[in-house]
Amino acid sequence: MDGFVMILTVFVLAIFVGIEIITKVPPTLHTPLMSGSNAISGITIIGALVLAGQMDTSPLAQIMAFVAVIFAAINVVGGFLVTDRMLKMFKKKD
Amino acid sequence: MLNPDTVNIAYLIAAVLFMFGLKGLAHPRTAVRGNRMAALGMIFAIAATLLSGKFEWHYVVLGVAIGSVLGAVAAMKVKMTAMPEMVGLFNGFGGAASVLVAGSALVAAMQYVTSEGPDTQMKVATVATGIIGSVTFFGSYVAFGKLAEFLAVKWKLHLWQKVAKYGFSLIVAAGAVWFGVASFETAGVPESVGLILSGVLIGGLLLNKKDRFPGMNALKVVLSGVALILGVLVVLNPDNTMLFWVMVGAAGVVGVLLTFSIGGADMPVVIALLNSYSGLAAAATGFVINNNVLIISGSLVGASGIILTNIMCKAMNRSLANVLFGVMGPTSETPSADDVYGGKIKATSAEEIAMLFDGARHVVIVPGYGMAVAQAQHAVRDLANLLEQRGLTVDYAIHPVAGRMPGHMNVLLAEANVEYDRLREMDEINPSMSQMDVAIVIGANDVVNPVARTDPNSPIAGMPIIDVDKARTVVVIKRSLSPGFAGIPNPLFALDNTVMFFNDGKKAMLDIISAVKES
């Protein structure tokens, strides 16, 4: 399979997996779902890291990637922490 | 240094951990562990990336450090009532990060034009990332500004609101002008002018004090078209990176316009939609840099946002197009407040409400956005505890669009230590509503308006509601008879079995609590 078709396949299949998993999340947890999935979308950080850390690239590309690292890191760290904080509140009294 | 296969295996493990993490969210018991698994996956992916090659470390370390500190402080400080603003803002950061990665990748790729330059996949994906990411970023900023009540309002602003509002507009407009003027010679006049125009347009639109203006929908369509045409031009001339930024600017105007007119009860739809876009932007970035884990994670988030958007739209019986382009409000056929309420409103006191609980067995509490505004969730829980001590059963009925984001009420009540199995979904509790002795509506309006069932001409016709009117007695806690987001009167307030307690949500709860203790 050609490279593009390969990753397109991955994309389409991942959407189906996503739909299967997410429909099982109860409405009670929809806010943590949003903040948690938002943290996951911070995965762009790995693209930003590669571009920000490149040795021989133009300063413009590097600075843009540097700002992207900051934004994505806010997303990742803030997203997972706030989700953890929220989820810990969902308890059942014994 | 890890070889590429090892790195890709690590990415695969990360993707699997993300899926298990989201799967954990299927139940509150497993959710904390699930979220931590997803976080572990992220650490895995980042570590593998940093071990995959040689890096200039100062940018990497500094960027991660700054972002982590900002993110951690925000996550620890934010109040639960402000969660919609926070999620709105974070969606925007995700979108912005994607745009910047795509832009940076484009610039970097053009440096090595010695070979054949970027291939079609990369060019198209860069355009898609630029458009989706920019709509997400500017749309999220608007959503944040409207939730934090500093955009499209007429009243006086606090200092931080002024800084956020005028500062952002100024940075966008001035940045575009500076960048445009600076590249007048290198990039060509039309591109520079285009960038300046779009930046100034964004900055100016954001200062509007009204959330609608004539020709707004036409402008949305025109600028969407402009952004798409610019996208095609970028694919044809990838070496013209300025064109990419003009396209990002045009898409930014679209993002502002799409969200600017949306407010109140439509907010959950938009927050969910932007959540989906931030995921799709990440997936598109994956196509830019040929990376599977970005594509998988991005699609998971995209799917999640789309599902939530759908649920929210269904819960209002409206289409997405209607939320984005339509106008919600009373029509000429809507009966006037005087006709509906005239002489039929019964105001009550805390003491009389306390008496309602004598001989009652089952109480249901229906919270709305007003509970969040009044920060009344702890007082609500205290009243419920008190009633439970006296042998009553207390349940909570949660409408899917109550509040300003999906699941907003649930988080607030969880914060107040309400057990999650007491939080009942609308469809679950409606059939037993006629067995409820007392229904307490606090800060909710349209989601309990019976005209949704009875009047096919009403703007909320067909919207599923919580059938509190079927309870034996309904207590409505509200500051006044002012209408909700739909702008229509609510006949529930005038029913024989309804009493109104005009008060601030929190104060009302505290008054009722002391009245119950005294009785």
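Positions within a chain are numbered from 1, following the residues in the order the chain's sequence is written. The naming scheme follows written order: chains are lettered A onward, ligands numbered 1 onward. The predicted nature of this model means local features are confined to residues of pLDDT at least 70 and side-chain atom pairs, given and counted, to a pLDDT of 80 or more, with totals for whole chains, interfaces and linings taken over all residues.

## Examining the overall build of chain B
We apply this condition: By definition, any uninterrupted DSSP run of H or I lasting at least four residues is a helix, any uninterrupted run of E lasting at least two residues is a strand, and each is numbered from the N terminus. Exposure criterion: with C-beta atoms placed from backbone coordinates, a residue whose C-beta has 20 or more other C-beta atoms within 10 Å is buried, one with 12 or fewer is exposed, and one in between is partly exposed.
Helix and strand counts for chain B stand at 21 helices and 6 strands. With respect to the three principal axes, the spread of C-alpha positions in chain B is 85 × 50 × 40 Å. With 519 residues in all, chain B has 54% of them scored as buried.

## Regarding the overall build of chain A
Which entries qualify depends on this criterion: When we talk radius of gyration, it's over C-alpha atoms, and the globule rule is simply 2.2 Å times the number of residues to the 0.38. We call two residues in contact whenever the C-beta atoms placed from their backbones are within 7 Å.
Across its full length, chain A holds 4 helices and 0 strands. Along chain A, helices (α) and strands (β) appear in the sequence α-α-α-α when read from the amino end. In terms of overall dimensions, chain A is more spread out than a globule: its C-alpha atoms have a radius of gyration of 18 Å, far above the 12 Å expected for 94 residues. Once the C-alpha set of chain A is aligned to its principal axes, its extents read approximately 60 × 35 × 15 Å. For chain A, with 94 residues in total, the buried portion stands at 64%. Within chain A, contacts between residues at least 6 apart in sequence are counted, and of these 71% link residues at least 24 apart.

## A word on the pairing of strand β5 (residues 473-478) of chain B
Residues and elements named next belong to chain B. This is how it is decided: Between any two strands, pairing holds if DSSP finds at least two bridges.
Across the 6 residues of β5, 5 count as buried, placing the element largely inside the fold. Of the strand pairs in this sheet, strand β4 (residues 438-442) and β5 are connected by 5 bridges, and their pairing is parallel. The residue of β5 that forms the bridge with Val-441 is Val-476. Strand direction decides the pairing type here: β5 and strand β6 (residues 498-502), joined by 5 bridges, are parallel. The partner of Lys-478 across the bridge, within β6, is Phe-502.

## Let's talk about the nonpolar core
Basically, it comes down to this: For the purposes of this analysis, a nonpolar core is taken to be any set of buried Ala, Val, Leu, Ile, Met, Phe, Trp, Tyr and Cys residues that are connected through C-beta atoms within 7 Å.
The biggest cluster of nonpolar side chains holds 226 residues, and the ones touching the most others in it are Ala-48, Ala-65, Ala-68 and Val-69 of chain A together with Met-247, Val-366 and Val-441 of chain B. If you tally residues by element for this core, the top one is helix α4 (residues 59-87) of chain A, at 19 residues. Here Val-366 of chain B is in contact with Ala-397, Ala-439, Ile-440, Val-441, Ala-444, Val-448, Ile-466 and Val-468 of chain B, once residues within four sequence places are set aside.

## Concerning the environment of Ala-376 of chain B
Residues and elements named next belong to chain B. The topology assignment puts Ala-376 in the loop between α16 (369-373) and α17 (377-389). A count of 25 C-beta atoms within 10 Å places Ala-376 in the buried class. The spacing of Ala-376 and Leu-510 is 134 residues in sequence and 9.2 Å in space, taken between C-alpha atoms. Leave out the neighbours within four places in its chain, and Ala-376 touches Met-371, Ile-442, Gly-505, Lys-506 and Met-509.

## Concerning the sheet that holds β5 of chain B
Residues and elements named next belong to chain B. Let me state the cut-off plainly: For every element, the axis is a line fit to its C-alpha atoms; helices are fit only across the contacting stretch, and the angle between N-to-C directions ranges from 0 to 180 degrees.
Judged by pairing direction, the sheet is parallel, and its 6 strands sit side by side in the order β3-β2-β1-β4-β5-β6 without closing on themselves. This sheet does not close on itself; its edge strands, each paired only once, are β3 (423-425) and β6. On average, adjacent strands in this sheet sit at an angle of 25 degrees to one another, irrespective of strand direction. Sheet contacts for helix α18 (residues 408-415): β1 (362-367), β2 (393-398) and β3; angle to β2, the most-contacted strand, approximately 145 degrees.

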